[in-house]
Amino acid sequence: MNKTLYLIFLFVFLLLLQVLVLNNVLFLGYVNPYIYIVFIFLYPIKENRFPLLLVAFLMGICVDAFANSGGIHAFSTVFMAYIRLFVFKAVFKKTTSDYLLFNLRHESFDKVFNYTATLTLVHHFILFSLTNFSFYNISNVLINTLFSSVFTLLLYFLGSFIFRKKLT
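Residues numbered from 1 in each chain as written. Predicted model: local features only at pLDDT ≥ 70, side-chain atom pairs only at ≥ 80, totals over all residues. Heavy atoms only, no water.

**A look at the nonpolar core**
Okay, step 1: If you look at the biggest cluster of nonpolar residues, it comprises 45 residues, and the most contacted ones within it are Phe39, Phe41, Phe88, Leu104 and Tyr115.
Okay, step 2: Those elements giving two or more residues to this core turn out to be α1 (3–20), α2 (38–42), α3 (50–67), α4 (72–92), α5 (109–132) and α6 (138–162). (Core = buried A, V, L, I, M, F, W, Y, C linked by side-chain atoms within 4.5 Å. Buried < 20%, exposed > 50% of the residue type's maximum accessible area, 1.4 Å probe, protein only. Helix = DSSP H or I, 4+ residues; strand = E, 2+ residues; numbered from the N terminus.)

Right under this line is the structure:
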C-alpha cells in the first residue's frame, strides 16, 4: 500500500477509535487510554518537523472537538511531536542518513519501549496537568499519568503484536 494512503488510513482509524470507543472508557476513575498518539510514533522520521507538527495539531484538535476539551489534546500532541526527534536520537542513536530506512518493527523491544514510554509519559503528564491546572492536584496528575500511560502502552504493544506482518 502507498505510504501516504497508509498514513491517511491510520490517522482516520486511530481518530475514530479514540473518539467513538476509547473516550467512553474510564476504568477505576483513573485509566483512560489515549491510543491516538500511536500515529505520532509511527509517522516517518524526517529532519523537517513541520508536517508532523501540523498533522499532530490536526489529530489533537479533532480529539478536542469530540471531547469538548478546549485544546489540551492539541497542545499535548504537538509538544509530543516536537520532542519526538530528540527522544528518537537519544534512544536509537541514529543519524539523519538512517531516517529513510528506519522502521520501528526492526528495532529491539527495549529501545522501542523506551521511545514509546517516554513520549507517552510526556504526553499524558502535559494532558493531565492542563486538565487539572493546579498544583494541589499533583497526586491526581501523577496517578492519572501513570495508569493511563500503562494502559495506553499495553494497548499499543498488544495491537502491534496482533497486527504485525510475518517477517518470513
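The rest of the description comes next.
**A short note on the environment of Ile61**
Okay, step 1: Checked against the element boundaries, Ile61 lands in helix α3.
Okay, step 2: C-alpha of Ile61 to C-alpha of Ile72: the two residues are 11 residues apart in sequence and 8.4 Å apart in space.

**Topic: the packing of aromatic side chains**
The relative placement of two aromatic rings is captured by the distance of their centres and the angle of their planes.
Okay, step 1: With the rule as written, the count across this model stands at 15 aromatic pairs.
Okay, step 2: Ring geometry for Phe41 versus Tyr156: centroids 5.5 Å apart, planes at 70°, classification edge-to-face. Linking Phe41 in helix α2 with Tyr156 in helix α6, this pair joins segments that are 115 residues apart in sequence.
Okay, step 3: Seen from their ring centres, Phe88 and Phe92 are 5.2 Å apart, and the 45° between their planes marks the pair as tilted. Of the two residues, Phe88 and Phe92 both sit in helix α4, four residues apart, roughly one turn of that helix. (Phe/Tyr/Trp six-rings, centres within 6.5 Å; stacked < 30°, edge-to-face > 60°.)

**Re the side chain of Glu107**
Okay, step 1: Note that Glu107 resides in the loop between α4 and α5.
Okay, step 2: Classification of Glu107 as buried rests on a relative accessible area of 19%.
Okay, step 3: In this structure, Glu107 is in contact with Phe92, Lys94, Phe102 and Val112, ignoring residues within four places of it in sequence. (Contact = heavy atoms within 4.5 Å.)

**Focus on the packing of α3 against α4**
Okay, step 1: Packing of α3 against α4 brings their axes to within 7 Å, and their N-to-C directions diverge by 155°. Comparing their axes, α4 and α3 come out roughly antiparallel. Relative to α4, α3 is oriented so that their crossing is right-handed. In this structure, α3 contributes Leu52, Leu53, Ala56, Phe57, Gly60, Ile61, Val63 and Asp64 to the contact, and α4 contributes Ile72, His73, Ala74, Thr77, Val78, Ala81, Tyr82 and Arg84.
Okay, step 2: Residues of the contact of α3 with α4, tallied by class, amount to 11 nonpolar, three polar and two charged. (Axes fitted to C-alpha atoms, helices over the stretch in contact; angles between N-to-C directions. Parallel < 35°, antiparallel > 145°, perpendicular 65-115°, else oblique. Left-handed = near helix turned anticlockwise from the far one by under 90°. Nonpolar A, V, L, I, M, F, W, Y, C, P; charged D, E, K, R; others polar.)

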